[in-house]
Amino acid sequence: MTDARPQPIPSSPSPAVPAKRWAYVIPVAAIMYMLAYLDRNNVSVILPYMHGDLELSNADKGLAGGIFFVGYVFLQIPAAILAQRWSARKTVLILMVAWGLAASLSGLVQTKSQFYAARFVLGFFEGGVWPAVLILLASWFPLRERARANALWMACLPLSSVFMAPLSGWMLDHASWRWVLVLQGMPPLVWALVWWFAVADRPAQARWISRAEADHVERSIAADEAAKPPAGSGSYLDAVKQKSVLVLIGVYFFWITGFYGFNLWLPSVIKELTHDGSSTEVGLLTAIPFTIALAVMIANAAWSDRTGRRRQAVAVPLVVGIAALLLGQAVDGALPRMLLLCVTAAAVYAPYGPFWAIPGQLLRFEVVAVAMGLINALGNLGGFAGPYLVGWLTDATGSSVTGFAVLSGFLAVAVALVTLGLRTGTRPVRRLSEEGPEGA
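The rules we used
- Residues numbered from 1 in each chain as written.
- Predicted model: local features only at pLDDT ≥ 70, side-chain atom pairs only at ≥ 80, totals over all residues.
- Heavy atoms only, no water.
- Helix = DSSP H or I, 4+ residues; strand = E, 2+ residues; numbered from the N terminus.
- Buried < 20%, exposed > 50% of the residue type's maximum accessible area, 1.4 Å probe, protein only.
- Core = buried A, V, L, I, M, F, W, Y, C linked by side-chain atoms within 4.5 Å.
- Contact = heavy atoms within 4.5 Å.
- Polar contact = N/O pair within 3.5 Å; in protein donor to acceptor, adjacent residues only side chain to side chain.
- pLDDT = per-residue confidence, 0-100.
- Salt bridge = Lys/Arg side-chain N within 4 Å of Asp/Glu carboxyl O.
- Patch = residues over 30% accessible without salt bridge, like charges linked within 9 Å, V, L, I, M, F, W, Y side chains within 5 Å.
- Areas by Shrake-Rupley, 256 points an atom, 1.4 Å probe, with all protein chains shown as cover.
- Phe/Tyr/Trp six-rings, centres within 6.5 Å; stacked < 30°, edge-to-face > 60°.
- Lys NZ or Arg CZ within 6 Å of the ring centre and 35° of its normal.

Peer 1: What should I look at first to understand the overall build of the protein chain in this one?
Peer 2: The secondary structure content of the protein chain amounts to 20 helices and zero strands. Here the protein chain holds 440 residues, and the buried ones make up 61% of them.

Peer 1: Before we go on, may I ask you to explain the nonpolar core in this structure?
Peer 2: Nonpolar side chains in soluble globular proteins tend to end up buried together. Of all hydrophobic cores here, the largest spans 128 residues; its most connected members are Trp130, Trp153, Trp195 and Tyr352. When neighbours within four sequence positions are excluded, Trp153 is seen to be in contact with Ile26, Ala29, Ala30, Tyr33, Trp130, Val133, Leu134 and Leu137.

Peer 1: Could you clarify how one ought to interpret the environment of Thr286 in this entry?
Peer 2: By secondary structure assignment, the location of Thr286 is in helix H14 (residues 279-307). Residue class for Thr286 comes out buried when judged on its relative accessible area of 2%. Separated by 241 residues in the primary sequence, Thr286 and Val45 have C-alpha atoms spaced 9.0 Å apart. One polar contact links the side chain of Thr286 to the main-chain carbonyl oxygen of Val282, over a distance of 2.7 Å.

Peer 1: Whenever I open this one, the confidence of the model for the protein chain confuses me. Can you help?
Peer 2: Do not read the fine detail of predicted coordinates wherever pLDDT is low. Here the protein chain averages 81 in pLDDT, and 88% of its residues register 70 or above. Taken element by element, the protein chain is modelled with least confidence in helix H12 (residues 236-240), mean pLDDT 65, and with most confidence in helix H10 (residues 187-198), mean pLDDT 94. Taken as a whole, residues 1-15 scores under 50 in pLDDT and shows 42 contacts with residues more than four places along the chain or in a different chain. Across residues 424-440, confidence stays below pLDDT 50; counting only partners more than four residues off in sequence or on other chains, it has 52 contacts.

Peer 1: Even after reading the chapter, I still don't get the pattern of salt bridges, so can you show me in this structure?
Peer 2: Think of it this way: side chains of opposite charge can pair up when their charged atoms draw near. Applying the stated rule across the entire model yields eight salt bridges. Here Glu213 makes a salt bridge to Arg21, at a shortest N to O gap of 2.8 Å. One end of the pair, Glu213, is in helix H11 (residues 211-227); the other, Arg21, is in helix H1 (residues 21-46), with 192 residues separating them in the sequence. By relative accessible area, Glu213 is classed as buried at 0%. The shortest N-O distance in the salt bridge between Glu145 and Arg144 comes to 4.0 Å.

Peer 1: Any chance you could explain the side chain of Ser87 here in plain terms?
Peer 2: Of note, Ser87 is situated in helix H4 (residues 76-105). Engagement of the side chain of Ser87 in a polar contact is seen with the side chain of Asp201, the distance being 2.7 Å. Sequence-distant contacts of Ser87, defined by excluding residues within four places in its chain, comprise Leu82 and Asp201.

Peer 1: Explanation requested: the environment of Ser139 in the structure shown.
Peer 2: You can see Ser139 is positioned in the loop between helix H6 (129-138) and helix H7 (143-154). The spatial distance from the C-alpha of Ser139 to the C-alpha of Glu218 is 7.9 Å, given a sequence separation of 79 residues.

Peer 1: So what exactly am I meant to see when it comes to a nonpolar patch on the surface here?
Peer 2: Together, Leu82, Trp86 and Ile94 give the surface a local cluster of nonpolar side chains, amounting to about 310 Å² of exposed area. Topologically, Ile94 is positioned in helix H4. Looking at Ile94, the relative accessible area reads 51%, which means it is exposed.

Peer 1: How should I be thinking about the packing of aromatic side chains in this particular structure?
Peer 2: Any aromatic ring pair is given by two values, namely how distant the centres are and how the planes are angled relative to each other. One pass over the full model with this rule turns up 27 aromatic pairs. Between the aromatic rings of Tyr33 and Trp153, the centroid separation amounts to 5.5 Å while the plane-to-plane angle is 65°, which identifies the pairing as edge-to-face. Here Tyr33, found in helix H1, pairs with Trp153, found in helix H7; they are 120 residues apart in sequence, far enough to count as distant. We classify Trp153 as buried; its relative accessible area is 0%. Through successive ring pairs, a cluster of aromatic residues spans Tyr33, Trp130, Trp153, Tyr252, Trp255, Phe259, Phe290, Tyr349, Tyr352, Phe355 and Trp356. When the ring centre of Trp196 is taken as origin, the NZ or CZ atom of Arg89, which lies over that ring, is 3.6 Å away.

Peer 1: Got a minute to help me understand the environment of Arg144 in this structure?
Peer 2: Summarising the element assignment, Arg144 is placed in helix H7. On the basis of relative accessible area, Arg144 is assigned to the buried category, the value being 5%.

In structure tokens form, the structure reads like this:
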């Protein structure tokens, strides 16, 4: 999916090079971001059960879910540059503590305006974590492993919903929504200690890695970098002015609009299907689509690494998501609609690993940080647009049908951009069918 074909990396001698990085870096980073995703998305389970405490209309609920992403924009590029030039480990640690405190404080708000402000601040501190971890992974996993590494880390997104939606539902049955928010903001403060002692910025700095593995990773990444085309003068501006980067921003914006529009309102749709079931029941049922999404997401990333077909690994699932979203509004019956919700969830999560492997394929390490920060910053504005659009259209029409139809339109634009905008002059990366990640 890139203009440059990376040069073959020398095969590892026998015995195989150890791969402790898959057991150390990925799980610690995944649990860290699972906690971030919990503090971001717990509001989707909580909103249907706030019982008018803050007098929120459907549009207000959409705004509460979406305003997070307005704050999310600000630290994307600064955190990416800090992670690249200073330390991804330290950058994430600081942000982890800050977002944990902000998440707990959001349970103490007394007015609608304070709730919006709390969500904005939470988004502000969480915003820098995603690009900083992508920079970290780029220092630990060569391109031939990148989509799988990304997907295994990003598996925390559906996995968080699998575990945390039922947990939030159960907590709501035993405590107020305020206490749920306060308590769920505390785990990041504890995990910050694990992060500090378990994670290193580069293999050479880790105490638990063998010299053979560290040398192998550094040689492989150096070969990847040498095979990439130069980004003009090497400046950040030259990197982000490339057509491919601009297209990726557009793809991510339209995809994420549909993604978060669906994600935020999923528990509300399931509550409707259960005829106002208990919060525990809704939480458990909400976990089902995300369990399926987790399996599909990892399988799609493995296929992408094996074949090198990044573009298809992004576009095809989104086409399936469009069909499922539209069919879900046309069929009757709780079971068919639940099945289509599962298909939609799998489809909108599946592109994550392959998509975030693309920037590292196109750009050299010295400029990829700001490019990924910009893609994530501008693309995640869709996280504001999607939830708010669905809420506003639901209030205006009295039904969620129009809102979900609009979301399918946004996903269609993402498909068109990734299919047509990245088509000219691109070709698949080196095939990797002969090998997999050692020890993965």
